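# Observations on chain architecture
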Amino acid sequence: MSVIERQVHGYRQGHQLLAASAQLTKEDQSVIDRLSDVAGPLRPRERFESYLTAYPLPSGQHFVAARTWQDLTVARAGCVRTLSLIIPMTDWAEAEGLSAYLDLLGKDRLPDDGDAVQVIVRATPAEPLPPAIDFRGSELLEALFLEETKPVVVFDAIDPDLIATRLLTALWPSLRRRFALSTFALSPRKVSGRDFDLLFAPRDARSKFADWNGRRVDGRAVQGGRHPWTGAIMSRVFDQAYPRLLSDTEIGLVGGADPDIDNSAAFRIAMMWEDLVAKLHTTPTAALGLLDIANSGKVRDSLALKAIEPALADAAHQASATLPEVEAWSFLGALARKLQGRSMQVGRAAVAEAVEELAARAPEGAVTLLSQDDPRGVVADLLPKIASGIGGAFTNRAERALLEADPAVLGRLLAQDGPLIGRVADDRPLVNRLETVLPQLDATTLDAISRGLLPLLTQDWQIPAAEPLLGRLDGPQLAMELRHLGEVNDFGATQLADLVLGRALSASSREEVRSALLSLSSSARRDAMIARTLIPSVEDARWLLDSDALDESAATSMLVDLLRQADDGQFAAMFVDKVVGERAIDMLTTRAPDLCLRAMSGDALPIAMFARILPRVLDGLAGDAKAKLAKHALDRGLRGRFGDGEVAFLALTLSIVGDQLDGAWAARIGLAKSIDAATASRNMIAFNSATQLARLRMIQSVAYVAQVLRDRVSFDLDEEAVEACAALMFDAEKVIPSALLEAAGYLLPTLLRSRNRPVSLMIAATFPPIYREFAKSDEVPEFFKFIPFFDWDRCKAARHELVNAFMSSSWPPRNLALTACRTNEIARIMRRVAKQHNGGAYMNRIASDVGKLPERCRKAVEMEISQVRANFSAKHYWRD
């Protein structure tokens, strides 16, 4: 549905707007006011038929279609009356037909003020139009669409209204929305600063266009078309019942709905596209033109390429079969380049198949194509098919072409899967040629060639090709190649077998070599090769332990000898190996204790194995040697995890070290911020679980323990570890109170802030010494300046902080009671609790939780709670 506004212009003390159904912007209205008047002065007594004018308004929102009549009802000469339709731009541009609009501009009568009313057009279907039989429009159409874009004036045309109607109907949307024409003009016309695209003028108005920068066309002249598409365009515009310059497919192809495109260029592209499509079945090279257009970005509809894809595929096969070899290679190469990046699987597959067929017929052309620069990798995509074509029909021509090929080209061909690699492996001249070609190739190409070619090289005469490839193999690959030679001919190619074995041994892949050799059937040649493989290494140790070819006692003696001969690196490598280490250590504890101790004294053994074996080794040691090994075990154990019984293991090693333990060192190793929370928690539990002497050393180092815990990223010990740490601190209060005081200074602020962690028992251990220190004197020791309990009454501030921390956390209330008891401030702390919001409820929680406290503390807390409840005013005592 289209809502059309209408205006009537005529003479009333000058040419002006007489009536309008809607108000427009000033700029748009000014254009209609001007263009509704006749273009150019009329001569005395000159008469003209009503004429059409069509043009876009400057705002771009509307298009105007108007009819102008000569108004003979006015006494003044040269007056006109115009009925203008203001049509929404999108409706006008995309209408299938224009009759519904133009019928509102009928010639039957002069419009009056009553015609300036809004009207609704519900549909604009296409309707058949009569042909413009007497109009020879070739020059006009060429000027508009096939040549440099300029405004055009047509003189003395027959029935310009029909010509204009057919032309406007034929235009595609992006052109129709900006096309301006008038079927009668006595001088040039402009809209929005540009000339009308098309004017029709009487013959005697030529002089008015003498200096006009546009094309002048004789409307009655008969001229032949100057362009190959002129005849087709003439038929589309002036002969067909439904004029269309471009079909829907062509509009989609060139973006005819886009207002920003170059319309004339788009039209020529569409014509060229159709022309090439028509030629495609007889002229394969037309495909290149189509793809040039597609790749130029001037066509937009991928469906157009899909539609011609089968024809492109046929063109590729046709070129391969019928064109001369050189032309065929040139065409297929160009076609492949133009198809690259297009999602045209059928077309690209057809090109690849055609290339394969042509490579079999003309291998020299394939080599030439591969020798050309290929920056976009187009030819590289065709390599598998080229190699397949040459290899599938391997001829003397193919052998000569490959012998003469550049090394890089030959290498790329051999890197493809297919029959070609087998053909080359059986060809002596080409095998000899590979001796110089292969070293010149890049690593990626050589790797690909090796995978296909090396399994085919099993004779001594093939060594020229095999040797460069063998040099690229690692130990396992050489072992696999050695086994392959044994399977093929039991090392009958003795020179090649010796070459492979020597390279395998020099690559230090002896275990792989032995495994490969043992997988073969027993033979004298195989056993001779196995004898050359033993050295002190993990691989050899595994072989000695697992091989059924040797007596067990002999294998054990040989293993001991290998271990004694091994340097530190080899020795460690053997014990790190899971298979060797497990079995060797069990054997050495009884057969060679000195070697066992050597293994345990380093870091060779995995920590889990180390922990399992340590008790047996320690049983055989005494004195400083035992303590030294235990300290080494402790150093390893504190840093990592090793399975079940970790706490017992660490407690054992701590106890063995005993009074030689450096507690600060143990804390630094086991609790450092680089140690994860679970491991640090485990270590703290182990410290508390150690026997008396080692535990005493940890108690004496409690300040350093606190300092290390403070320096962790966060206080993240679990509840059991917190209890263990608190136990050490409670004992430190008895053994070395000064250390506990220092530890409390380090930790208490952190603990009070860690309200989401189970640290309340540690607060019970650390708060009392700090509190007592505050109470002793007016001056706070410099060491405690960082503790945030500063007020004129420091003890009062500390009590408040303590109560706030407990009541805003999930800590067990009994630990607040325990802290109060240890501080000898039960009364004040309970009264402080009572003063807080929900203090009564919290005191009830304390009362229900104190059963787990020591009896002395429990009774004292219960008594103070009873007194606070009994004496309500006591809780408001200001000094609390």
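Owing to the predicted nature of the structure, the values given are computational and were not obtained by experimental measurement.

Procedures and definitions
Residues numbered from 1 in each chain as written. Predicted model: local features only at pLDDT ≥ 70, side-chain atom pairs only at ≥ 80, totals over all residues. Heavy atoms only, no water. Helix = DSSP H or I, 4+ residues; strand = E, 2+ residues; numbered from the N terminus. Buried < 20%, exposed > 50% of the residue type's maximum accessible area, 1.4 Å probe, protein only. Contact = heavy atoms within 4.5 Å. Areas by Shrake-Rupley, 256 points an atom, 1.4 Å probe, with all protein chains shown as cover. Salt bridge = Lys/Arg side-chain N within 4 Å of Asp/Glu carboxyl O. Disulfide = S-S within 2.5 Å.

## Points about the overall build of the protein chain
A count of helices and strands for the protein chain gives 45 helices and twelve strands. Residues classed as buried in the protein chain amount to 53% of the 880 residues present. Taking the contacts inside the protein chain whose residues are at least 6 apart along the sequence as the reference set, 70% of them involve residues at least 24 apart. Element-wise, carbon and sulfur atoms account for 50% of the exposed surface of the protein chain, whose accessible area totals about 38,900 Å².

## A word on the pattern of salt bridges
For the structure on display, the rule yields 33 salt bridges. Arginine 641 is paired through a salt bridge with glutamate 646; the nearest N and O atoms lie 2.8 Å apart. For arginine 641, a relative accessible area of 43% corresponds to the partly exposed category. Its salt-bridge partner being aspartate 716, residue arginine 712 comes within 3.1 Å of it at the nearest N-O pair.

## Some thoughts on unusual backbone geometry
Phi at aspartate 159 is positive, roughly 55 degrees, even though this residue is not glycine. Summarising the element assignment, aspartate 159 is placed in the loop between strand E7 (152-155) and helix H5 (160-170). Its relative accessible area of 38% is what places aspartate 159 among the partly exposed residues. Positive phi is not limited to glycine here, since phenylalanine 491 has a value of about 60 degrees. With respect to the element layout, phenylalanine 491 can be found in the loop between helix H22 (475-489) and helix H23 (494-506). Residue classification places phenylalanine 491 among the buried residues on the basis of a relative accessible area of 3%.

## Describing the state of the cysteines
Under the defined criterion, the tally for this structure stands at one disulfide. Bridging cysteine 821 to cysteine 857, the disulfide has an S-S length of 2.0 Å. The chirality of the disulfide connecting cysteine 821 with cysteine 857 is left-handed, given an S-S dihedral of about -75 degrees. In this pair, cysteine 821 sits in helix H42 (residues 813-823) while cysteine 857 sits in helix H45 (residues 855-870), placing the two residues 36 residues apart along the sequence. On the basis of relative accessible area, cysteine 821 is assigned to the buried category, the value being 2%.

Everything listed here is a matter of coordinates, which is why it stays silent on function.
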